[in-house]
Amino acid sequence: MRKRFDSKVDFYFEKAEKWKEELELLRNVALDCHLVEELKWGAPCYTFEKSNIVLIHAFKNYCAFLFFKGALMKDPDDILIQQSENVQAARQIRFTNVRDILDKKEILQKYIFEAAEIEKAGLKVELKKNSEFEIAEELQHKFDFNIDFKKAFYALTPGRQRAYLLHFSQPKQSKTRDSRIEKNIQRILDGKGLND
């Protein structure tokens, strides 16, 4: 079977200044597994039967394969990384050189095939409910004094609510948390998410 490069994705690899060789190698690993290459979220995404399997992305200190449902994978080689405590489903495998990718090529293919099997089986990651996320004290205070704001917040989609909850509770200082909430009150009242 011939590799199916998507010309819309080529720019990602052509513009890469750092990790160029590593990114191309990751692209070939994914395509060798007969995944379909697409451009999603401005990055190369590899799908199986229209389900997202793995994304390639580059950061300052590493490049990575990101498995969308990595939390469900077995990971016998202990190489999957949870980016932060708030990332529930996705897991990364990080690379800092070509040799590392070449040494792990068979393992990466095995992980890709496992991820495709997870999709075939229709397995889903059990996500925390929004009610399980911390509500910043400053947000609760706004809810207590502005019922319209509270209603508008809970009328948002669960994903939008979750994004705001994480954004508002992240800063260590109360003043910063309060400032973030203030800046987003109108967006919430307008029914918009953090990134809309």
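Residues numbered from 1 in each chain as written. Predicted model: local features only at pLDDT ≥ 70, side-chain atom pairs only at ≥ 80, totals over all residues. Heavy atoms only, no water.

A.B. asks: Hey, could you run me through the environment of Glu119 in this one?
C.D. replies: For Glu119, the location among the structural elements is in helix 3 (residues 98-120). Excluding anything up to four places from it in sequence, Glu119 contacts Ser51, Asn52, Ile53 and Lys69. A distance of 3.3 Å separates polar atoms of two side chains, one belonging to Glu119 and the other to Ser51. (Helix = DSSP H or I, 4+ residues; strand = E, 2+ residues; numbered from the N terminus. Contact = heavy atoms within 4.5 Å. Polar contact = N/O pair within 3.5 Å; in protein donor to acceptor, adjacent residues only side chain to side chain.)

A.B. asks: Looking at this model, I keep getting lost on the sheet that holds strand 1 (residues 36-40). Mind explaining?
C.D. replies: Sheet strands pair via backbone hydrogen bonds, and the direction of the pair is either parallel or antiparallel. Taken together, five strands build an open sheet; the order of strands is 1-2-3-4-5 and the sheet is antiparallel. The outermost strands of the open sheet, each flanked by one partner alone, are strand 1 and strand 5 (91-95). Direction aside, neighbouring strands of the sheet carry axes that sit 25° apart on average. Its contacts with the sheet put helix 2 (residues 20-32) on strand 1, strand 2 (43-48), strand 3 (51-58), strand 4 (63-67) and strand 5, and the angle it makes with strand 4 is roughly 30°. The strands touched by helix 3 within the sheet are strand 2, strand 3, strand 4 and strand 5, with strand 5 carrying the most contacts at an inclination of about 165°. (Pairing = 2+ DSSP bridges. Axes fitted to C-alpha atoms, helices over the stretch in contact; angles between N-to-C directions.)

A.B. asks: Just to check I follow, could you spell out the packing of aromatic side chains for this structure?
C.D. replies: Two aromatic rings, taken as a pair, are described by how far apart their centres are and by the angle between their planes. Applying the stated criterion to the full structure yields 11 aromatic pairs. Plain terms: the ring middles of Phe143 and Phe149 are 5.5 Å apart, the flat faces sit at 45° to each other, and that makes the pair tilted. Ring pairs connect the aromatic residues Phe143, Phe149, Phe153, Tyr154, Tyr164 and Phe168, which therefore count as one cluster. (Phe/Tyr/Trp six-rings, centres within 6.5 Å; stacked < 30°, edge-to-face > 60°.)

Shape is all these values report; function is a separate question.
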